[in-house]
Amino acid sequence: MKKIFIGVALLASSMFAHTAIMNCFDNGDDTITCEAGFSDGSSASGVNFYLLQNDKKVFEAKISEDSEISFKKPAGTYSAVFDAGEGHQVFVSGSDIAE
């Protein structure tokens, strides 16, 4: 009986689990756009977003109602961070962002 309960609990938790996802691309005009969301299709509207350079936040904003954010491309090395809370953070290195 205990094994059945654990199996049902794991199945239920996996049904409600979702993974944070983010895709960023270079617009070719010195701006970057990132699209964010969750694997279950839920919106990322209002979720925290920031840019890190040398371990410091250089830009902070909330994801828009369209689950996007655009920003001026920083000079040098940086990372774009979609921060939906512990275990739901996505880091995209600026060097991995292409047109």
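Each remark here, short or long, concerns the structure printed above.
Quantities reported herein were computed from a predicted structural model and do not represent experimental measurements.

> Teacher, can you tell me more about the sheet that holds strand S2 (residues 31-38) here?
Two strands in a sheet stick together by hydrogen bonds in their backbones, pointing the same way (parallel) or opposite ways (antiparallel). Spatial ordering of the open sheet is given by S1-S2-S5, a layout of three strands whose pairing is antiparallel. Looking at which strands have only one partner, the edges of the open sheet turn out to be strand S1 (20-26) and strand S5 (68-72). Neighbour-to-neighbour, the strand axes of this sheet turn through a mean angle of 20°, independent of strand direction. Summarising the sheet, S1 and S2 pair through seven bridges and their orientation is antiparallel. Of the residues in S2, the one forming a bridge with methionine 22 is alanine 36.

> Help me out: how do you make sense of the packing of aromatic side chains in this one?
Aromatic ring pairs are defined here through the distance separating the ring centres and the angle between the ring planes. Scanning the model with the defined rule gives four aromatic pairs in all. Measuring from ring centre to ring centre gives 5.7 Å for phenylalanine 38 and phenylalanine 82, while their planes differ by 55°; the resulting arrangement is tilted. With phenylalanine 38 in strand S2 and phenylalanine 82 in strand S6 (residues 79-83), this pair connects stretches of sequence that are 44 residues apart. The exposure class of phenylalanine 38 is buried, given its relative accessible area of 10%. Take phenylalanine 82: its relative accessible area is 0%, and that puts it in the buried class. Here the aromatic rings of phenylalanine 59 and phenylalanine 71 are separated by 6.0 Å at their centres, their planes lie at 35°, and the arrangement is tilted. Taken together, the residues span a long stretch of sequence, with phenylalanine 59 in strand S4 (residues 56-62) and phenylalanine 71 in strand S5 at a distance of twelve residues. The class for phenylalanine 71 is buried, based on a relative accessible area of 5%. Members of the aromatic cluster, each reached through a chain of ring pairs, are Phe49, Phe59 and Phe71.

> How should I be thinking about unusual backbone geometry in this particular structure?
Excluding glycine, a negative phi dihedral is what most residues carry, and trans is how most peptide bonds are arranged. Even without being glycine, aspartate 30 reaches a positive phi, approximately 70°. Relative to the helices and strands, aspartate 30 resides in the loop between S1 and S2. A relative accessible area of 51% places aspartate 30 in the exposed class.

> For this particular structure, what's the right way to read the pattern of salt bridges?
Close approach of charged atoms allows side chains with opposite charge to pair. Inspection of every chain in the model, using the stated rule, returns two salt bridges. The shortest N-O distance in the salt bridge between lysine 73 and aspartate 26 comes to 3.1 Å. Of the two residues, lysine 73 is situated in the loop between S5 and S6 and aspartate 26 in strand S1; the sequence distance between them amounts to 47 residues. The class of lysine 73 is partly exposed, set by a relative accessible area of 37%. Note that lysine 57 and glutamate 60 form a salt bridge whose closest N and O atoms lie 3.7 Å from each other. For lysine 57, a relative accessible area of 48% puts it in the partly exposed group.

Rules of the game
Residues numbered from 1 in each chain as written. Predicted model: local features only at pLDDT ≥ 70, side-chain atom pairs only at ≥ 80, totals over all residues. Heavy atoms only, no water. Pairing = 2+ DSSP bridges. Helix = DSSP H or I, 4+ residues; strand = E, 2+ residues; numbered from the N terminus. Axes fitted to C-alpha atoms, helices over the stretch in contact; angles between N-to-C directions. Phe/Tyr/Trp six-rings, centres within 6.5 Å; stacked < 30°, edge-to-face > 60°. Buried < 20%, exposed > 50% of the residue type's maximum accessible area, 1.4 Å probe, protein only. Salt bridge = Lys/Arg side-chain N within 4 Å of Asp/Glu carboxyl O.

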